[in-house]
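Single-letter residue listing:
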Amino acid sequence: MGVLVLLSLALITVYFRESAGGPLHRTQGVGATVLRPFEVGAERIARPFRDAYGYFHGLAVARSENHRLKSELERYRQLYDQNATAFHDNLQLKKMLGFEEGPSFPSGFRAVNTRVIAQPPSQFEQQIVVEAGSNQGIRRYDPVVTPAGLVGDVTKVFSNVARVTLLTDEQSAVGAMNLKGASGLVRHGASPGSTLILDQVTKDQIVQRGDHVLSEGTLAGKLPSVYPRGIPIGIVTHVGQSDVGLYKDIQLRPFVDFSSLESVIVLVPKVRAGQLP
């Protein structure tokens with residue numbers, strides 16, 4: 001082996017020192033010429049196998065890249081949904097906080113902001129379930145509002161959830177008034193759902209289309225109502241009367257969209273009846 005190494009070093013030395021026309025250069029050229037057909041043949045034989053390998057390797061890489069891109073797309077979609085939901089919830093919270101800190105928030109109450117976790121099961125059952133209950137100080141008959149207006153009142157309470165009966169339920173009624181001094185009773189309309197009427201308004205009282213109707217804070221006989229005074233309820237869309245009827249026929253469009261409630265505010269009295277301040 002030592003002899004072969006020395007011989008190789010000698011040949012390399014001579015090869016680099018001789019001219020391009022030297023014997024070693026000529027021998028290299030002859031060898032290359034003789035071996036060229038074999039190189040071409042080997043190249044032609046190997047090319048299909050190399051192309052096939054390249055194809056399947058590229059296909060595997062493409063599938064792997066496709067899977068990676070799909071995973072990243074799904075991750076970004078989830079992030080977008082999370083951010084969009086957080087942005088939407090933030091807007092809802094800002095509206096609720098703005099109402100709580102604004103001049104129209106009723107005095108003597110504190111706000112419990114909560115999410116709606118169950119919508120009405122049918123148009124005939126106008127009730128929702130909220131994610132707050134007795135642990136948050138909520139009691140039965142506490143009024144429920146949104147920044148837009150009156151929603152209803154709490155009718156059943158558990159530890160951390162409560163059921164709210166909407167103003168559009170046939171069992172609900174609230175003493176109401178317009179800014180002209182006319183008063184009556186707001187209750188559900190002839191059809192289930194988000195229709196309201198202002199009932200028991202005598203013909204001598206002035207009510208016009210476009211009037212805003214608010215909670216009056218009292219009931220018949222001037223008894224106190226569970227609803228504080230001045231909570232917006234709806235806008236008058238129709239006023240009529242018949243010769244034989246005792247009261248005006250008044251229809252309202254509620255300010256609250258009862259079909260898409262997501263968050264509400266439960267008004268908890270700071271001092272309840274029978275409690276010391």
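That block above? That's the structure.
Sequence order as written defines the numbering, with residues in each chain counted from 1. Residue-level local features of this predicted model are given only where pLDDT is at least 70; pairs of side-chain atoms are given and counted only at 80 or more, and the full residue set underlies all totals for whole chains, interfaces and linings. Computation of side-chain values covers all heavy atoms of the structure but excludes hydrogens and water.

Enquirer: An account of the overall build of the protein is requested, with residue identities and associated values reported.
Expert: Note on conventions: DSSP H or I runs of at least 4 residues are helices, E runs of at least 2 residues are strands, and numbering of each starts at the N terminus. Along the backbone of the protein there are 2 helices and 12 strands. In sequence order, the protein lays out its α and β elements as α-α-β-β-β-β-β-β-β-β-β-β-β-β. The buried label goes to any residue with under 20% of its type's maximum accessible area, the exposed label to any with over 50%, and the partly exposed label to all in between, with areas taken from a 1.4 Å probe on protein chains only. A buried classification covers 31% of the 277 residues belonging to the protein.

Enquirer: Tell me about the nonpolar core, residues and numbers included.
Expert: Each nonpolar core is a collection of buried residues, namely Ala, Val, Leu, Ile, Met, Phe, Trp, Tyr and Cys, held together in the definition by side-chain atoms within 4.5 Å. If you look at the biggest cluster of nonpolar residues, it comprises 43 residues, and the most contacted ones within it are V186 and L261. Here this core gets 5 residues from one element, more than from any other, and that element is strand β12 (residues 263-269). Every residue in contact with L261, bar those within four places of it in the chain, is listed here: V116, Q119, I128, T146, V151, L166 and V256. Contacts between residues were defined by any pair of non-hydrogen atoms, one from each residue, lying within 4.5 Å.

Enquirer: Now, about the pairing of strand β10 (residues 232-240): what can you tell me, with residues and values included?
Expert: Pairing between two strands requires that DSSP report at least two bridges joining them. Here strand β9 (residues 212-215) runs beside β10; their pairing, made up of 3 bridges, is antiparallel. For L214, the partnering residue across the bridge sits in β10 and is P232.

Enquirer: Talk me through a nonpolar patch on the surface; I want residue IDs and the actual numbers.
Expert: On the surface, M1, V5, L6 and L9 cluster together into a nonpolar patch covering about 480 Å² of accessible area. Along the chain, L6 turns up in helix α1 (residues 2-17). On the accessibility criterion, L6 (59% relative accessible area) is exposed. Two joining distances apply to patches: 9 Å for like charges and 5 Å for nonpolar side chains (Val, Leu, Ile, Met, Phe, Trp, Tyr), and every residue must have over 30% relative accessible area and no salt bridge. Note on areas: these come from Shrake-Rupley sampling with a 1.4 Å probe, and a residue is covered only by the protein chains present in the view. Salt bridges, as used here, are contacts in which a Lys or Arg side-chain nitrogen is within 4 Å of a carboxyl oxygen on Asp or Glu.

Enquirer: Any details on the sheet that holds strand β4 (residues 149-157)? Residues and values, ideally.
Expert: With antiparallel pairing, the 6 strands of this closed barrel are ordered in space as β1-β2-β5-β4-β3-β12. On average, adjacent strands in this sheet sit at an angle of 45 degrees to one another, irrespective of strand direction. By the bridge criterion, 2 bridges tie strand β1 (residues 109-118) to strand β2 (residues 127-130) in an arrangement that is antiparallel. Considered in β2, the bridge of V116 is made with V130. In this description, a line fitted to the C-alpha atoms serves as the axis of each element, helices being fitted only across the stretch in contact, and the angle between N-to-C directions of two axes falls anywhere from 0 to 180 degrees.

Enquirer: Please provide a residue-by-residue account of the side chain of T155, values included.
Expert: With respect to the element layout, T155 can be found in strand β4. A polar contact of 2.9 Å, which involves the side chain of T155, links it to the side chain of T165. Not counting residues within four places of it along the chain, the set of residues in contact with T155 comprises R140, R163, V164 and T165. Contacts described as polar in this section are N or O atom pairs within 3.5 Å, which, within protein, must combine one atom able to donate a hydrogen with one able to accept it, while residues neighboring in sequence count only if both atoms come from side chains.

Enquirer: Please give an account of unusual backbone geometry that cites residues and values.
Expert: The backbone of Y141 sits at a positive phi, close to 75 degrees, despite the residue not being glycine. Within the fold, Y141 resides in the loop between β2 and β3 (143-146). In this model, Q200 sits at a positive phi of 60 degrees, which is unusual for a non-glycine residue. Examined against the element boundaries, Q200 turns out to sit in the loop between β8 (196-199) and β9.

Enquirer: Can you break down the sheet that holds β10 residue by residue, with the values?
Expert: If you walk around this closed barrel you meet the 6 strands as β6-β7-β8-β11-β10-β9, and the pairing is antiparallel. The mean inter-strand angle of the sheet, taken between neighbouring strand axes irrespective of direction, is 40 degrees.

Enquirer: Describe the pattern of salt bridges, naming the residues involved and giving the relevant values.
Expert: The full count for this structure, using the stated rule, is 5 salt bridges. Here D211 makes a salt bridge to K180, at a shortest N to O gap of 2.6 Å. Taken together, the positions of D211 in the loop between β8 and β9 and K180 in the loop between β6 (173-178) and β7 (183-188) put the pair 31 residues apart, joining distant regions of the chain. Judged by its relative accessible area of 9%, D211 is buried. Each of E65, R68 and E72 takes part in salt bridges that share partners, so that together they form one network.

Enquirer: Talk me through the side chain of T146; I want residue IDs and the actual numbers.
Expert: With respect to the helices and strands, T146 occurs in strand β3. With near-sequence residues (within four places) excluded, T146 lies in contact with V151, V256, L261, S263 and V264.

Enquirer: Any details on the environment of Q200? Residues and values, ideally.
Expert: For Q200, a relative accessible area of 41% corresponds to the partly exposed category. Between the C-alpha atom of Q200 and that of Y247, which follows or precedes it by 47 residues, the distance is 5.5 Å. Residues within four places of Q200 in sequence aside, it is in contact with S183, G184, L185, Q205 and Y247.

Enquirer: How would you sum up the pairing of β3? Please name residues and give values.
Expert: Burial along β3 is two-sided: P143 and V145 facing one way and V144 and T146 facing the other are all buried. In terms of strand pairing, β3 meets β4 through 4 bridges, oriented antiparallel. Each bridged residue has a counterpart across the sheet, and for P143 the counterpart in β4 is D153. With antiparallel pairing between neighbouring strands as the criterion, β3 and β4 make up a hairpin whose turn holds 2 residues. Inspection of the sheet shows β3 paired to β12 by 2 bridges, in the antiparallel sense. Residue pairing in the sheet places V144 in a bridge with V266 of β12.

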